[in-house]
Amino acid sequence: QVQLAESGGGLVQPGDSLRLSCAASGRTLSNYVMAWIRRAPGEERLFLAAITWSGGSTYYADSVKGRFTISRDDAKNTVSLQLNNLKPDDTAVYFCAARGKSYSSSIYYKPEEYNYWGHGTQVTVSS
């Protein structure tokens, strides 16, 4: 069982940056993939980025590559998402999600493939 808790969201202006954190707990996380997925009002969930606990391999949606950065801290069981140059369209609830590692990394890009979820943290970008 994996428990996830997001933090770091808030109200910012366009162009600002935020760093979201996801605290993960479980008996072992070495075989898990952690992801950040967001849901904007009236829209479907959007995969942002993922990272493996073991090895630190990263996976990014093309739409956020170069602007968002995912990282992990194994010692603290924490996964972070650095959000730079935020835009109003980035306004959404940002979720931390997890699933076991797969032989096929293609599924990491699909929000429906994750079976553990946090409650989300709100990011609002407005002037």
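Before any of the text, the structure's been laid out above.
Only a predicted model underlies this, so the values are computations on that prediction, with no experimental measurement involved.

**Q** Which parts of the structure should I look at to understand the pattern of salt bridges?
**A** Where side chains of opposite charge bring their charged atoms close, a pairing between them can arise. Inspection of every chain in the model, using the stated rule, returns 5 salt bridges. The salt bridge involving Asp74 is made with Arg72; its shortest N-O contact spans 3.1 Å. A residue is classified by how much of its surface remains accessible, and Asp74, at 39% relative accessible area, is partly exposed. With a relative accessible area of 32%, Arg72 lands in the partly exposed category. Between Glu113 and Arg99 there is a salt bridge whose closest N-O contact spans 3.7 Å.

**Q** Please explain the pairing of strand β5 (residues 45-52) as it appears in this structure.
**A** The two faces of a sheet get side chains in turn, since along a regular strand they alternate between them. By the criterion of burial, β5 is predominantly enclosed, with 6 of the 8 residues buried. If you look at the hairpin formed by strand β4 (residues 32-39) and β5, you'll find 5 residues sitting between the two strands, and Gly42 has a positive phi there, around 75°. Here 3 bridges tie β5 to strand β6 (residues 58-60), and the two strands are oriented antiparallel to one another. Residue pairing for β6: Ile51 is matched across the bridge by Thr58. If you look at the hairpin formed by β5 and β6, you'll find 5 residues sitting between the two strands, and Gly55 has a positive phi there, around 100°.

Conventions and cut-offs
Residues numbered from 1 in each chain as written. Predicted model: local features only at pLDDT ≥ 70, side-chain atom pairs only at ≥ 80, totals over all residues. Heavy atoms only, no water. Salt bridge = Lys/Arg side-chain N within 4 Å of Asp/Glu carboxyl O. Buried < 20%, exposed > 50% of the residue type's maximum accessible area, 1.4 Å probe, protein only. Helix = DSSP H or I, 4+ residues; strand = E, 2+ residues; numbered from the N terminus. Pairing = 2+ DSSP bridges.

By themselves, these figures tell us nothing about what the structure is for.
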